[in-house]
Amino acid sequence: MAILRLLAAAWLFLSLSFAYGAGPVVVAKADRQLWQGAVNTPDSFDKASRAAVLVYVSSLQDSRQLTDSDMLAAFKIKSLNRAYIKQWIDQELTLALHNYQAAGKSCVDEDWTCAGTITTADDLVKQARAWQKKIPSALSPWQQNFTTFTRVYIAEQLRLAALFPKVSSEIGRFNGNEWNGDSFADRQFLLTFDDGPSNPQGNTDDVLAMLAANNKTAVFFVLGENLQNRLHKANAKTIAALYKHQCLALHGWEHQSHAKWANWQASVKRTKSLVLTTFAPQDPDATGSFLPLFRPPYGQRKSDSGDFFKAQGLQVALWNLDSQDWNSQVDSNDMANRLLALMLVKRRGVLLFHDVHPKAKTALPLIFEGLGTAVIWRDCHQL
Ligand SMILES: [Zn+2]
């Protein structure tokens with residue numbers, strides 16, 4: 001057992017080094033073809049989700065073996081919050097338990113992904129360990145790929161947890177006025193896009209056309225300065241109409257972390273005022289709708305910012321499914337694979353994209369098609 005643990009720790013450390021070693025950061029990549037099955041109905045999604053959750057649980061448990069020095073070296077940071085790392089792993093195991101139970105409702109006899117009634121996270125870990133020996137040999141390539149995927153993904157998250165709350169991010173919440181999608185109902189997802197609008201006829205226009213063609217809505221967290229640039233080139237009515245059926249929210253005036261920015265409050269207020277003026281309710285079917293949400297650039301906001309956002313009538317909207325669309329090492333197909341894999345593991349949440357980048361408009365139609373009727377895409381107007 002001790003040797004197994006050492007091996008697990010060594011392998012996870014390799015994943016960490018892989019993710020955060022010399023050279024550019026490598027993100028978690030999965031290959032959806034290796035599963036050899038569809039995920040486009042609730043039942044087929046549940047089966048793939050049970051398998052994905054069990055692999056994730058094993059990788060989470062392995063990550064407990066990492067020492068502080070492993071992580072300090074791999075993440076290249078000077079100190080880490082061990083208590084929060086433990087809290088995050090415990091939280092993820094609890095979510096995994098709920099997810100496995102939800103996915104188990106569609107279990108039928110003789111299904112190798114089903115394990116009967118599991119009521120505690122400890123039982124789920126035991127089951128995940130025992131189950132590794134039961135995976136059909138034809139799915140060994142999937143198991144290997146998904147194990148590596150979950151390890152690298154967990155390494156991404158552990159780095160955020162290690163730094164929290166000194167460096168804030170989507171990994172943790174400071175108060176009940178902040179949300180990240182973990183509390184959505186099972187199999188419900190929301191699309192969100194940050195940093196726009198682009199220049200006219202740019203990526204924002206393409207994303208809007210793609211969403212309209214696929215009959216989907218999203219929340220666009222706009223940057224004040226980008227919206228103002230766009231307003232210099234077209235009047236407010238035209239821009240409001242461009243976002244028809246979609247939702248608008250705030251990302252601040254400039255793309256700056258609030259960590260060391262004296263003017264962050266003015267940035268939020270100024271953007272709110274411009275968005276409210278531009279998207280003032282006219283005919284709600286003909287324009288975008290304002291939602292009182294703020295998303296901090298990089299997810300970084302001050303730990304004591306709760307009172308300000310409440311006074312502004314704004315909720316802080318984070319995310320739990322990062323597409324990594326800004327990353328030059330991730331192409332559209334990688335993005336679709338990554339998100340499909342994470343959606344099987346997390347079973348709910350907020351997908352983060354950037355409409356100033358071109359990848360979402362290619363990746364999302366693949367995801368919509370791959371998931372078919374398996375999930376519910378939330379209407380941004382009903383948040
Ligand atoms: Zn941003």
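Residues numbered from 1 in each chain as written. Predicted model: local features only at pLDDT ≥ 70, side-chain atom pairs only at ≥ 80, totals over all residues.

**Things to note about the overall build of the protein chain**
Then, in step 1: A count of helices and strands for the protein chain gives 13 helices and nine strands.
Then, in step 2: The C-alpha radius of gyration of the protein chain comes to 21 Å, within 12% of the 21 Å expected for a compact globule of 383 residues.
Then, in step 3: C-alpha extents for the protein chain along the principal axes are approximately 65 × 45 × 35 Å.
Then, in step 4: The burial tally for the protein chain puts 47% of its 383 residues in the buried class.
Then, in step 5: Taking the contacts inside the protein chain whose residues are at least 6 apart along the sequence as the reference set, 83% of them involve residues at least 24 apart. (Helix = DSSP H or I, 4+ residues; strand = E, 2+ residues; numbered from the N terminus. Rg over C-alpha atoms; globule rule 2.2 N^0.38 Å. Buried ≥ 20, exposed ≤ 12 C-beta atoms within 10 Å, placed from the backbone. Contact = placed C-beta atoms within 7 Å.)

**A word on the domain arrangement of the protein chain**
Then, in step 1: Its domain assignment divides the protein chain into domain 1 (2–163) and domain 2 (178–382).
Then, in step 2: A separation of 28 Å is found between the C-alpha centroids of domain 1 and domain 2.
Then, in step 3: In this complex, domain 1 contributes 23 residues to the contact, which on the side of domain 2 involves 20 residues.
Then, in step 4: For the side of domain 1 that touches domain 2, the elements supplying multiple residues, two or more each, are α2 (42–63) and α4 (82–104).
Then, in step 5: In terms of residues, the side of domain 1 that touches domain 2 owes the most to one element, α2, which gives eight residues.
Then, in step 6: Here the residues of the side of domain 1 that touches domain 2 are counted per class, giving 15 nonpolar, five polar and three charged. (Domains from an automatic or database assignment. Nonpolar A, V, L, I, M, F, W, Y, C, P; charged D, E, K, R; others polar.)

**Overview of the environment of Q144**
Then, in step 1: Looking at where Q144 falls in the secondary structure, it is placed in helix α6 (residues 140–163).
Then, in step 2: When the C-alpha atoms of Q144 and L34 are compared, they prove to be 9.8 Å apart, with 110 residues separating the residues in sequence.

**Side note on the packing of α2 against α4**
Then, in step 1: At their nearest, the axes of α2 and α4 sit 9 Å apart, and the two run at 160 degrees to each other. In this view, α2 runs roughly antiparallel relative to α4, as classed from their interaxial angle. The chirality of how α2 crosses α4 is left-handed. Residue-level contacts link D46, S49, R50, V53, Y56, V57, L60 and S63 of α2 to I89, E92, L93, A96, N99, Y100, A103 and G104 of α4.
Then, in step 2: Looking at the contact of α2 with α4 residue by residue, the classes come out as nine nonpolar, four polar and three charged. (Axes fitted to C-alpha atoms, helices over the stretch in contact; angles between N-to-C directions. Parallel < 35°, antiparallel > 145°, perpendicular 65-115°, else oblique. Left-handed = near helix turned anticlockwise from the far one by under 90°.)

**Description of the pairing of strand β5 (residues 289–294)**
Then, in step 1: Pairing between strand β4 (residues 247–250) and β5: three bridges, direction parallel. What sits directly across from C247, in β5, is S289.
Then, in step 2: Examined bridge by bridge, β5 and strand β6 (residues 315–317) share two bridges and lie parallel to one another. For L293, the partnering residue across the bridge sits in β6 and is Q315. (Pairing = 2+ DSSP bridges.)

**Some details on the nonpolar core**
Then, in step 1: Residues A52, V57, V219, A249 and L351 are the most contacted members of the largest nonpolar core, which totals 103 residues.
Then, in step 2: Element by element, the count of residues in this core is highest for α6, at 11 residues.
Then, in step 3: Composition of this core by domain shows at least three residues from each of domain 1 (2–163) and domain 2 (178–382).
Then, in step 4: The residues contacting A249, other than those within four sequence positions of it, are V219, F221, L291, L293, F294, R295 and A317. (Core = buried A, V, L, I, M, F, W, Y, C linked by C-beta atoms within 7 Å.)

**What about the pairing of strand β8 (residues 348–354)?**
Then, in step 1: Most of β8 sits inside the fold, with six of its seven residues counted as buried.
Then, in step 2: For strand β2 (residues 188–194) and β8, the ladder comprises seven bridges, and the chain directions are parallel. The partner of F189 across the bridge, within β8, is G349.
Then, in step 3: Bridging between strand β7 (residues 321–322) and β8 involves two bridges; their strand directions are parallel. Its bridge partner lying in β8, D322 is registered against L352.
Then, in step 4: Handedness of the β7-helix α12 (residues 332–346)-β8 crossover: right-handed. (Right-handed = clockwise from strand over helix to strand, strands pointing away.)

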